Amino acid sequence: MPWLKLLHIASLVIWCGSLLYLPALLSYSLQLRKDAGFAQGSPPMPRFFYISVATPAALIAIFSGTLLFLFHGLLGGWLVLKLGAVVAMVAAHGSCGWLILRLEMGIYKGVKIASIVALLLALAGIISVLGFVLAKPLDWS
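Analysis parameters
Residues numbered from 1 in each chain as written. Predicted model: local features only at pLDDT ≥ 70, side-chain atom pairs only at ≥ 80, totals over all residues. Heavy atoms only, no water. UniProt positions renumbered as here; feature names shortened; annotations may be inferred. Helix = DSSP H or I, 4+ residues; strand = E, 2+ residues; numbered from the N terminus. Expected span 1.5 Å × (residues − 1). Axes fitted to C-alpha atoms, helices over the stretch in contact; angles between N-to-C directions. Parallel < 35°, antiparallel > 145°, perpendicular 65-115°, else oblique. Left-handed = near helix turned anticlockwise from the far one by under 90°. Nonpolar A, V, L, I, M, F, W, Y, C, P; charged D, E, K, R; others polar. Salt bridge = Lys/Arg side-chain N within 4 Å of Asp/Glu carboxyl O. Buried < 20%, exposed > 50% of the residue type's maximum accessible area, 1.4 Å probe, protein only. Contact = heavy atoms within 4.5 Å. Polar contact = N/O pair within 3.5 Å; in protein donor to acceptor, adjacent residues only side chain to side chain.

As recorded by an unreviewed UniProt entry, the protein chain carries the name Protoporphyrinogen IX oxidase and is attributed to Vreelandella nanhaiensis. Listed under Pathway (unreviewed entry) in UniProt, the entry text for the protein chain is "Porphyrin-containing compound metabolism; protoporphyrin-IX biosynthesis; protoporphyrin-IX from protoporphyrinogen-IX: step 1/1."

So, in structure tokens, the structure goes:
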């Protein structure tokens, strides 16, 4: 199953990078909207990146992680904590999607603050997942 672990780690790296990049992209799009005067909504880049990069990486990471869990039969307190951290990452992911919709509808109030909150939530989840993975017992191959 090394290929499954590789798939999980690679998709997780892409997803984590996306979660760190999306709030910056949203802030840039908000500023671009104000400066360039787009007639309707925001530039299409945030939606494109969210749909074509971030969401597939998230789905692959979650699916491959679930398969690793099922194949190895891992249970432990660290896994429950890790899944809680993944929930924080999923919440940050969903928040970014919600902010993209707000930008597209022309609702700009609070987008900058909410994107900072999404970034902090993503950082908390990413750092927690990394900590729990590094602290887990090494009794499985």
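To continue, consider helix α3 (residues 77-105). Helix length check: α3, at 29 residues, gives a terminal C-alpha distance of 43 Å against a target of 42 Å (1.5 Å per residue), a fit within 8%. Phi turns positive one or two residues past the end of α3, at Gly106, with a value near 85 degrees.

What follows deals with the packing of α3 against helix α4 (residues 111-135). In helix packing, the relevant descriptors are the interaxial angle and the interaxial distance, both defined with respect to the helix axes. Across the interface, α3 lies against α4 with an axial gap of 8 Å and an inter-helix angle of 160 degrees. Classified by the angle between their axes, α3 and α4 sit roughly antiparallel to one another. The two elements α3 and α4 cross, and the hand of that crossing is left-handed. Residues that form the contact of α3 with α4 fall into these classes: 21 nonpolar, 4 polar and 2 charged.

This brings us to the pattern of salt bridges. A complete count under the given rule lists 1 salt bridge for this structure. One salt bridge connects Arg47 with Glu104, and the closest N-O pair in it is separated by 2.6 Å. Taken as a pair, Arg47 in helix α2 (residues 45-72) and Glu104 in helix α3 lie far apart in primary sequence, 57 residues in all. Taking relative accessible area as the criterion, Arg47 reaches 36% and is therefore assigned partly exposed.

Mapped onto the present numbering, the UniProt feature "transmembrane region" (unreviewed entry) falls on residues 6-28, 48-71, 77-101 and 113-135. Secondary structure content for residues 77-101 is 100% helix and 0% strand, while the C-alpha to C-alpha distance between its ends is 37 Å.

Turning our eyes to something else, we now look at the packing of α2 against α3. Relative to each other, α2 and α3 sit at 165 degrees, their axes nearing to 11 Å. Here α2 is positioned roughly antiparallel relative to α3, judged by the angle of their axes. Our pair here, α2 against α3, has a crossing hand that is left-handed. Where α2 abuts α3, its residues Pro46, Arg47, Tyr50, Ala54, Thr55, Ala58, Ile62 and Phe69 lie against Leu79, Val90, His93, Gly94, Cys96, Gly97, Ile100, Leu101 and Glu104.

Turning to α4, a few remarks are in order. The end-to-end C-alpha distance of α4, which contains 25 residues, comes to 36 Å, matching closely the 36 Å that a straight helix rising 1.5 Å per residue would cover. Taken residue by residue, α4 has Val111, Ala114, Ser115, Ala118, Ala122, Gly125, Ile126 and Val129 as its buried positions.

Moving on, we get to the environment of Gly17. For Gly17, the location among the structural elements is in helix α1 (residues 2-36). For Gly17, a relative accessible area of 36% corresponds to the partly exposed category. It is 9.7 Å that separates the C-alpha atoms of Gly17 and Ile126, two residues lying 109 residues apart in sequence.

Next up on the list: the environment of Val90. One can find Val90 in helix α3. Between the C-alpha atom of Val90 and that of Leu19, which follows or precedes it by 71 residues, the distance is 9.5 Å.

So, on to the side chain of Ser27. Here Ser27 lies in helix α1. Exposure remark for Ser27: the relative accessible area of 18% places this residue in the buried category. At 3.4 Å, the side chain of Ser27 and the side chain of Ser115 are in polar contact. Leave out the neighbours within four places in its chain, and Ser27 touches Lys112 and Ser115.

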